[in-house]
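If you want the building blocks of each chain, they are given just below.
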Amino acid sequence: MSEDAYRESAAAYALGALDPGERAAFEAHLEAGCASCADEVDAHHDALLALAQAGPTPALHPAIRQQALDLRLAPTVPVEVGAYAWEEVVPGVRLHVLREEPARGLRACLVWAEPGARTPRHRHHGDEVILLLKGGLRDDRGTYGPGQICRSRAGSVHAEEALPGEDCVCLVLYYGPLEVLEEADA
């Protein structure tokens, strides 16, 4: 595992969210003397302590709470792309549907894009939440990397492009009508 990958695991370690194998590997890395990762873990522990001491937090809006629960559909990283059946939806962009719940208007998908692959400019009929698992993604509003979330509201128009360098793998949650996209004029 690279130094960047270890640093990205620090928050999950502090929360106790690594699976046993990942936890053991991260602890071995810490025991080997990585000061920067130890500092990251300490910073996350300090932040958690400050939140705990701040007292009760306001209740989450039910839709935000449900999105947080839906994000748990993300597979563990690194994603073994060979374990899924993919449909190529545009050149260089593949899709695997993890779950569809028409009654809730939810479609949860994994998207695997080659570096430089682009989606056409499109309009969303429902909200979209993208959690980056690997690589990078750019849209009209910014650039996103592993662990970051890109949100698009119903009615928004944009195109996405996988950044150069490595494949991009994302969990994509669509909320709304299951015919989610329509091409939009540039």
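Provided above is the structure to which this section pertains.
Residues numbered from 1 in each chain as written. Predicted model: local features only at pLDDT ≥ 70, side-chain atom pairs only at ≥ 80, totals over all residues. Heavy atoms only, no water.

Can you break down the sheet that holds strand β8 (residues 149-152) residue by residue, with the values?
Judged by pairing direction, the sheet is antiparallel, and its 6 strands sit side by side in the order β1-β2-β3-β11-β5-β8 without closing on themselves. One side of each edge strand has no neighbouring strand; the edge strands of this open sheet are β1 (87-90) and β8. Mean inter-strand twist for the sheet, computed between neighbouring axes without regard to direction, equals 30 degrees. In this structure, β1 lies alongside strand β2 (residues 93-101), joined through 3 bridges in antiparallel fashion. Considered in β2, the bridge of V90 is made with V93. Sitting on the sheet, helix α4 (residues 62-70) touches β3 (106-113), β5 (127-134), β8 and β11 (168-175), and the angle it makes with β11 is about 145 degrees. (Pairing = 2+ DSSP bridges. Helix = DSSP H or I, 4+ residues; strand = E, 2+ residues; numbered from the N terminus. Axes fitted to C-alpha atoms, helices over the stretch in contact; angles between N-to-C directions. Contact = heavy atoms within 4.5 Å.)

Could you give me a rundown of the nonpolar core, with the residues and numbers involved?
Ranked by size, the top nonpolar core spans 17 residues in total, and within it V93, A113, I130, L132, C168, C170 and V172 carry the most contacts. Only β2, β3, β5 and β11 provide two or more residues apiece to this core. The leading source of residues in this core is β11, at 4 residues. The contacts of V93, once residues within four sequence positions are left out, are E87, E88, V111, W112, A113, A117 and R118. (Core = buried A, V, L, I, M, F, W, Y, C linked by side-chain atoms within 4.5 Å. Buried < 20%, exposed > 50% of the residue type's maximum accessible area, 1.4 Å probe, protein only.)

Please set out the pattern of salt bridges residue by residue, giving values where relevant.
One pass over the structure, following the stated rule, counts 10 salt bridges. The salt bridge involving R99 is made with E101; its shortest N-O contact spans 3.6 Å. Its salt-bridge partner being R118, residue E161 comes within 3.2 Å of it at the nearest N-O pair. With E161 in strand β10 (residues 161-162) and R118 in the loop between β3 and β4 (122-124), this pair connects stretches of sequence that are 43 residues apart. Classification of E161 as buried rests on a relative accessible area of 19%. The partly exposed category is assigned to R118, whose relative accessible area is 46%. Taken together, the shared-partner salt bridges in this structure form one network comprising D70, R99, E101 and R104. (Salt bridge = Lys/Arg side-chain N within 4 Å of Asp/Glu carboxyl O.)

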